[in-house]
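So you can see what is in the structure, the chains are spelled out below.
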Amino acid sequence: MFDHVFRPCDIGGLTLPHRIVMGAMHLNLETLDDGGAALAAFYTERVRGGAGLIVTGGSAVNRAGAGGPGYGVLDDANHRSVLRRAARAVHDADGLIALQLFHAGRYALPGGHGDDDGTPLAPSAVYSRFSRTVPRAMTEEEIAGTVADFARAARTARELGFDAVEVMGSEGYLLNQFTAPLTNRRSDRWGADADGRVRMPVEVLRAVRAAVGPAFPVLFRMSGADLVTDGTPWKETAALAVALAEAGADALAVGVGWHESPVPTVQAQVPPGTWAVYAEEVKRALRAAGHGHLPVIASNRFNQIAQADEALAGGDIDLVAMARPFLADAAVVGKSRAGRGASVELCIACNEACIDRSFGAERVSCLVNPRAGHEREFPRFPARHSPVRRGRYAVVGAGLAGLEAARTLAGLGHAVEVYEAADQPGGQFRMAARVPGKADFGETIRRRVRELDELRVPVRLGHRIGLRDVPLLRTMDGVIVASGVRPRRPELSGHTLPHVLDYSQAFADPDALGGRVVVIGGGGIAVDLAHLLTSRSPAAVTPGEFLASHAVATPSQPVPVTGRTSGRPADSPRQVTVMRRGGRIGTGIGASTRWVVMEELRAAGVRLLTGVVYQEITREGVIVVDAGGNRRLVEADHVVLAVGQESERDVVGTLRRAGVPFETAGGVAGTEGLNAVRATAQGLRAAHRV
Ligand code: SF4
């Protein structure tokens, strides 16, 4: 099984046990004040789960190169000792680790370092929408200094015990900024023409190679497609690949897209495997120049080993880098190798606990695996949960929080029973699984239920806990209440009319809604519902369809990038209006995803009204006073209320009155700031607390 993945591969002098590389992730563990303990534990668990070569998150080669406040800088002795510990931990577990050498350039976020006054440095002073700054153009001296810093950083990596380095030259960071006409407007030898624009990455690689000698493996992560207007032309990308091969690279990893790209690259809407085409083209360019032996690594949107195997079977790539799947399941490789792929926790590309956090200072974790990044805090076999004494626990509620609590307790060796009032598990998360592009969300619930089945945890559906259950619950060692939430129904005039539904009713039977729908409320649920109501086909989009619909060029299909973020026609079967009193529509959706879904709503013709005062729901629709003070009717066949939730606390009252002690997790513990990431994390914590 997965014969293409599970074959060894050489990169420089390293022999990798298989063709999956754990791609670089910035975790915000790198700068914790714990001497690197959390980072070492994170990597160790991944090596034990089958990771071969791990590429670290980027370490800045100098202070100006730090991407934000959570980035370590190689000049800093503390950071070096964190890295040394991480490398040692990986080796102790028999793994391999490469240090990514990083310079953010104009993508340095506030709180990073920039130059002496905090201004980011870049080839030219071109405003960045990502960091919302105008960087300062580097002097020739600063460019030469940065080349030398990359070289010094590589030598440091070798001294710290790393097995390899990866030079970061994609995703719109400094070296990629040099290759793109958009951001390189220099007229000196570091710009001006095609040769000038590739000079910086090539010089960096030459300097790195000279610093570490011929035997130390050096990978280079280059951009296969910038996906921005005036990005690196394909001919120059191909020339760069060849030049890097000639300058001594041992492998080329191929990324795509910039943070300012109008085309989504890593969101749930992107079909897995979409971007492999660019790695394949790089390989062809290398072959044409006589460098076909050089390993090429595809990356960006693979979430299952089977997809990697299929891509490798084509023969035009040599390895696949996967990053977020290692957050979702540390044993993604080991389980797949053992034929247990169905038990792998699937990364659903929500980005909520990983990419969105990586732009700030919060510790990166995972929605479907809240232990990620907290391996020391929640060890697999904590002393106080000794298997010597097997306890009995009840979990009330089979939404995300309850399922997480139940699997954690069962994994710790306890006997667990789950009680769910509804006739299906999954709680509110089941609604998200119906939204186009979010089919994998349903997989999370299915896999969790299967896992509980394997752990012999009964899930009693349709069982609402009441007084009659109290005697049973008194016999338990602990009870966790995760009974979730119910939709809030505001006291708005007309809310009891028959054509007014709450969001859970609308999700349950969207086909029953008429041609004109008003959704009151503007959070993530309202946006998801609007998306569901306006999509015509639930069929998954293929990579080819995705690229065509976003007018994305590939070397063999040179359609220009137009800047259009969604090529989907406005073919909505309904006219949907989403309205809210204040704030933006889609608050609560992570920054890396919100813009994508908002573009899709606009493309589907959804009307977005903010700053309105709802006055009354009538049989004809909703009467509002708009931002201009005008009173008007927004016509609707159905009105859906998506204005928040209330905790489902009936069980809490019952247990309190009966004097049964319990812990809470998820929406029942409070709805302020509630989301799926918080719910699963609370389920995990409750299981360790109870
Ligand atoms: Fe994947 Fe979401 Fe977990 Fe990130 S938080 S690793 S995107 S499932």
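Description of the structure in this document. Quantities reported herein were computed from a predicted structural model and do not represent experimental measurements.

1. Some points on the overall build of the chain
Each helix and strand counted, the chain has 21 helices and 27 strands in total. What you see for the chain is a C-alpha radius of gyration of 26 Å, in line with the 26 Å of a compact globule of 690 residues. The dimensions of the chain, computed from C-alpha atoms along their principal axes, are 75 × 70 × 50 Å. Expressed as a percentage of the 690 residues in the chain, the buried residues total 62%. In the chain, once contacts between residues fewer than 6 apart in sequence are set aside, the share between residues at least 24 apart is 72%. By element, 49% of the accessible surface of the chain is carried by carbon and sulfur atoms, the whole surface being about 26300 Å². Charge centroids of the chain, computed over 78 positive and 74 negative side chains, lie 4 Å from each other.

2. Things to note about the nonpolar core
Within the largest apolar cluster, 118 residues are counted, with the highest numbers of intra-cluster contacts made by Tyr43, Leu252 and Trp275. Top contributing element to this core by residue count: helix α5 (residues 194-212), with 9 residues. Ignoring anything within four residues of it in the chain, the contact list for Leu252 reads Phe220, Met222, Ala241, Leu244, Val282, Leu286, Leu294, Pro295, Val296 and Ile297. Formed by 25 residues, the second largest nonpolar core is a distinct cluster that contains Phe507, Val527, Leu533 and Val597.

3. Focus on helix α3 (residues 140-160)
Its 21 residues give α3 an end-to-end C-alpha distance of 30 Å, which sits within 8% of 30 Å, the value for a rise of 1.5 Å per residue. Every buried residue of α3 is accounted for by Ile143, Thr146, Val147, Asp149, Phe150, Ala151, Ala153, Ala154, Thr156, Ala157 and Leu160. Against the buried residues of α3 lie α2 (77-92), β5 (96-102), β8 (164-169), α4 (174-179) and α5. The positive-phi residue at the C-terminal boundary of α3 is Gly161, with phi of around 105°.

4. Section: the pairing of strand β21 (residues 607-610)
When a strand is regular, its side chains alternate between the sheet's two faces. With 4 bridges joining them, strand β20 (residues 575-580) and β21 adopt parallel strand pairing. Directly across from Met579, in β21, lies its bridge partner Leu609. Viewed along the sheet, the connection from β20 through helix α19 (residues 591-603) into β21 turns out right-handed.

5. Comments concerning the packing of α5 against helix α6 (residues 234-246)
Direction vectors running N to C along α5 and α6 enclose 30°, while the axes themselves pass 10 Å from each other. In terms of their interaxial angle, α5 and α6 are classed as roughly parallel. In this structure, α5 crosses over α6, and the sense of that crossing is right-handed. Contacts from Ala194, Arg197, Val198, Pro201, Val202 and Leu205 in α5 reach Glu236, Leu240, Ala243 and Leu244 in α6. The residue inventory of the contact of α5 with α6, partitioned by class, reads 8 nonpolar, no polar and 2 charged.

6. Focus on the environment of Asp356
Along the chain, Asp356 falls in helix α11 (residues 355-358). Separated by 102 residues in the primary sequence, Asp356 and Val254 have C-alpha atoms spaced 22 Å apart. Once residues within four sequence positions are removed from consideration, Asp356 is found in contact with Cys350, Asn351, Gly590, Ala591 and Ser592. A distance of 2.7 Å separates the side chain of Asp356 from the side chain of Ser592, its partner in a polar contact.

7. Notes on a positive patch on the surface
Taken together, the side chains of Arg84, Arg85, Arg88 and Arg376 make up a positively charged region of the molecular surface. Within the secondary structure layout, Arg376 lies in the loop between α11 and β13 (392-396). The class of Arg376 is exposed, set by a relative accessible area of 55%.

8. Concerning the site of the ligand
Arg324, Leu327, Cys347, Ile348, Ala349, Cys350, Asn351, Ala353, Cys354, Cys366 and Leu367 make up every residue found near the ligand. In this structure, the ligand is accommodated by the largest cavity. When the residues that make up the shell around the ligand are grouped by side-chain class, the tally is 9 nonpolar, 1 polar and 1 charged.

9. So, the packing of aromatic side chains
Inspection of the entire model under this criterion finds 10 aromatic pairs. Between Tyr71 and Phe102, the aromatic rings sit 5.1 Å apart at their centres with planes inclined by 20°, giving stacked as the arrangement. Taken together, the residues span a long stretch of sequence, with Tyr71 in the loop between β4 (53-60) and α2 and Phe102 in strand β5 at a distance of 31 residues. For Phe102, a relative accessible area of 2% puts it in the buried group. Between Tyr107 and Tyr173, the ring centres sit 5.6 Å apart and the planes meet at 90°, which makes this aromatic pair edge-to-face. Highlighted residues: Tyr107 in the loop between β5 and β6 (121-122) and Tyr173 in the loop between β8 and α4, separated in sequence by 66 residues. Grouping residues by exposure puts Tyr107 and Tyr173 together as buried. Taken together through their ring pairs, the aromatic side chains of Tyr71, Phe102, Tyr107, Phe130, Tyr173, Trp258 and Phe359 make up a single cluster. For Arg46, the ring lying beneath its charged end belongs to Phe42, and the centroid distance is 3.9 Å.

10. Some remarks on the pattern of salt bridges
Scanning all chains against the criterion turns up 38 salt bridges. Residue Glu648 pairs with Arg486 through a salt bridge whose shortest N-O separation is 2.6 Å. Placement of Glu648 in the loop between β26 (645-647) and α20 (650-658) and of Arg486 in strand β17 (residues 485-487) is noted, with a sequence separation of 162 residues between them. Accessibility expressed as a relative area gives 32% for Arg486, which makes it partly exposed.

11. Focus: the environment of Asp195
Secondary-structure assignment places Asp195 in helix α5. On the basis of relative accessible area, Asp195 is assigned to the exposed category, the value being 56%. Sequence separation between Asp195 and Thr179 is 16 residues; the distance between their C-alpha atoms is 9.3 Å.

12. Side note on unusual backbone geometry
Here Asn28, not a glycine, exhibits a phi torsion of approximately 60°, which is positive. Among the secondary structure elements, Asn28 is positioned in the loop between β3 (20-22) and α1 (37-48).

The rules behind the values
- Residues numbered from 1 in each chain as written.
- Predicted model: local features only at pLDDT ≥ 70, side-chain atom pairs only at ≥ 80, totals over all residues.
- Heavy atoms only, no water.
- Helix = DSSP H or I, 4+ residues; strand = E, 2+ residues; numbered from the N terminus.
- Rg over C-alpha atoms; globule rule 2.2 N^0.38 Å.
- Buried < 20%, exposed > 50% of the residue type's maximum accessible area, 1.4 Å probe, protein only.
- Contact = heavy atoms within 4.5 Å.
- Areas by Shrake-Rupley, 256 points an atom, 1.4 Å probe, with all protein chains shown as cover.
- Lys, Arg positive; Asp, Glu negative; His and termini not counted.
- Charge placed at Lys NZ, Arg CZ, Asp CG, Glu CD.
- Core = buried A, V, L, I, M, F, W, Y, C linked by side-chain atoms within 4.5 Å.
- Expected span 1.5 Å × (residues − 1).
- Pairing = 2+ DSSP bridges.
- Right-handed = clockwise from strand over helix to strand, strands pointing away.
- Axes fitted to C-alpha atoms, helices over the stretch in contact; angles between N-to-C directions.
- Parallel < 35°, antiparallel > 145°, perpendicular 65-115°, else oblique.
- Left-handed = near helix turned anticlockwise from the far one by under 90°.
- Nonpolar A, V, L, I, M, F, W, Y, C, P; charged D, E, K, R; others polar.
- Polar contact = N/O pair within 3.5 Å; in protein donor to acceptor, adjacent residues only side chain to side chain.
- Patch = residues over 30% accessible without salt bridge, like charges linked within 9 Å, V, L, I, M, F, W, Y side chains within 5 Å.
- Salt bridge = Lys/Arg side-chain N within 4 Å of Asp/Glu carboxyl O.
- Near = heavy atom within 4 Å.
- 1 Å grid on protein atoms, 1.4 Å probe; cavity = no way out; pocket = protein on both sides within 12 Å on 5 of 7 lines; lining within 4 Å.
- Sits in = over half its atoms within 2 Å of the grid points.
- Phe/Tyr/Trp six-rings, centres within 6.5 Å; stacked < 30°, edge-to-face > 60°.
- Lys NZ or Arg CZ within 6 Å of the ring centre and 35° of its normal.

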